[in-house]
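Residue-level structure breakdown
This is what each chain is made of:
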Amino acid sequence: MPHDHPNHSHDHDHGLSPSGHPYRADNDEPLTYWQRMEIAVRELLIEKGRITAAEIANQIEVMDARSPANGAAVVARAWSDPDFKARLLADAGAASREMGFDIGPLNLIAVENTDTTHNLIVCTLCSCYPRNLLGLPPDWYKTREYRSRAVREPRAVLREFGVNLPDSTRIRVHDSTADMRYIILPARPAGTDGMAEPDLARLVTRDAMIGTGLARTP
Amino acid sequence: MPPGHVRAPAYLRGKQGVIERPLGAFHNPEQLAYGLVADKKPLYRVRFTMAELWGDAAENPEDTLDAELYDHWLERL
Amino acid sequence: MDGHDFALWEKRVDALMVLCGAKGFFTVDGLRRALEDMGEDAFEKHSYYERWIAAVNQNLVEAGIYSLEELGTRMEEIAARGPTYGAAQDG
């Protein structure tokens, strides 16, 4: 019964629309100071001719269209085509553009996971992320907890994500401190010989490209 | 740490690492941060061992951390 | 596992940050400096995009795009338009 909503006090607080749906929480909460600032900044920029409303709408669409599927397609190509993989490891930005992904001026470095090496990405200074390829970062990536612990105790962090690596595996943490952004080329899972690129891409999770996960097995 | 915008994380200050690769020259963020005309500074990816960063508290001393550091934060040893 | 569908106002902050950066009104380093200057407790008290709009605003004022007075006046006008984000949009 998709149109039924439990009659919790939460719904009373927010009210229901005439069709019986709760209003979206983000638009019917009391207007906050920071939302007022966003509206004011946006309106002033538009009025002064610095930016247009269409540019803002277009940028939101561009960002919404970016998702981990883009990165997964790049990874699947690298697993399938050794020449492409070599180009990816030499210049990940150029290789991504070659596949038609508009990643802007981003300086992208791909690092490869192998049987003996596992890479992990963090930005301790803020929350730099290969957003032009993968979309916006997950909330946990932006937490102070992840940003501080990933450099000090990466193995404990990985265990919490369900990634248990032997002591013999070398962990390489990459702190995005300046102008580079990183993406991980996960190790190709066993049992995937002969699989087509679109099927391979479905094995590549966002976390596998950040290093907090491994590629799925088929 | 000195006050102001500094693009070298505190946990790396005074630690020894090796240059993993040069990355080219980029505008100095510590000038860009204040809207100043920024010189281009060489940027390097520097690799540190966890043993160097955390001593006995390191989970695995041979694991590594790579960070991008500008030339003016590095001292040749 | 993220459980976060970004709200429209957050997406707009993100878009303003990218567009203003691309137009050269400020640099990402200027944004980072403003974020750091808010101090450690800003991280406890404010959400990610709350901190970012504050940093964007700080940099735009410094760049002379508009004045603090213009901002303050506009924010008061907006408060008078309506009680919710949707109602406070102009037209």
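Presented here is a report on the structure given in the accompanying data block.

Quick notes on the rules
Residues numbered from 1 in each chain as written. Chains lettered and ligands numbered in written order. Predicted model: local features only at pLDDT ≥ 70, side-chain atom pairs only at ≥ 80, totals over all residues. Heavy atoms only, no water. Helix = DSSP H or I, 4+ residues; strand = E, 2+ residues; numbered from the N terminus. Contact = heavy atoms within 4.5 Å. Areas by Shrake-Rupley, 256 points an atom, 1.4 Å probe, with all protein chains shown as cover. Salt bridge = Lys/Arg side-chain N within 4 Å of Asp/Glu carboxyl O. Buried < 20%, exposed > 50% of the residue type's maximum accessible area, 1.4 Å probe, protein only. Expected span 1.5 Å × (residues − 1). Arc of directions from axis to C-beta. Core = buried A, V, L, I, M, F, W, Y, C linked by side-chain atoms within 4.5 Å.

To continue, consider the overall build of chain A. From N to C terminus, chain A includes 13 helices and four strands. Across chain A, every contact between residues at least 6 apart in sequence was considered, and the portion connecting residues at least 24 apart equals 62%. When the accessible surface of chain A is summed, it comes to about 10,000 Å², and 52% of that surface belongs to carbon and sulfur atoms.

Moving on: the pattern of salt bridges. Throughout the structure, instances matching the rule amount to 28 salt bridges over all chains. Residue Arg42 of chain A is joined to Glu38 of chain A by a salt bridge in which the shortest nitrogen-to-oxygen separation is 2.6 Å. Of the two residues, Arg42 of chain A and Glu38 of chain A are both situated in helix α3 (residues 33-47); the distance of four residues between them amounts to about one turn of the helix. As far as burial versus exposure is concerned, Arg42 of chain A and Glu38 of chain A are alike and both buried. Of the charged contacts in the structure, one is a salt bridge between Arg74 of chain C and Glu77 of chain C, with a shortest N-O distance of 3.4 Å. You can see Arg74 of chain C and its partner Glu77 of chain C sitting in helix α5 (residues 68-81), three residues apart, about one turn around the helix. Since its relative accessible area comes to 39%, Glu77 of chain C is described here as partly exposed. Three or more residues joined by partner-sharing salt bridges are found here, namely Glu43 and Glu47 of chain A together with Arg74, Glu77 and Arg81 of chain C.

This part is about α5 of chain C. Over its 14 residues, α5 of chain C runs 20 Å from end to end, which matches the ideal 20 Å to within 8%, given 1.5 Å per residue. Looking only at α5 of chain C, the buried set comprises Leu71, Arg74, Met75 and Ile78 of chain C. For α5 of chain C, the angular spread of the buried residues around the axis is 105°, confining them to a single face. Summarising the geometry of α5 of chain C, the exposed residues directed more than 90 degrees from the buried face are Glu69, Glu76 and Ala80 of chain C. Residues of α5 of chain C that are buried sit in contact with α3 of chain A together with α4 (48-62) of chain C.

Attention now goes to the nonpolar core. Core analysis: the biggest nonpolar cluster contains 65 residues, and Leu88, Leu133, Tyr141, Tyr146 and Val173 of chain A together with Leu12 and Leu65 of chain B have the highest contact counts within it. It is helix α5 (residues 68-80) of chain A that contributes the most residues to this core, six residues altogether. Sequence-distant contacts of Leu65 of chain B, that is, excluding residues within four places in its chain, are made with Val151 and Val173 of chain A together with Tyr11, Leu12, Val46, Arg47, Phe48, Met50 and Leu53 of chain B. Grouped together as the second largest cluster of nonpolar side chains are 40 residues, Met37 of chain A together with Phe6, Cys20 and Leu60 of chain C included.

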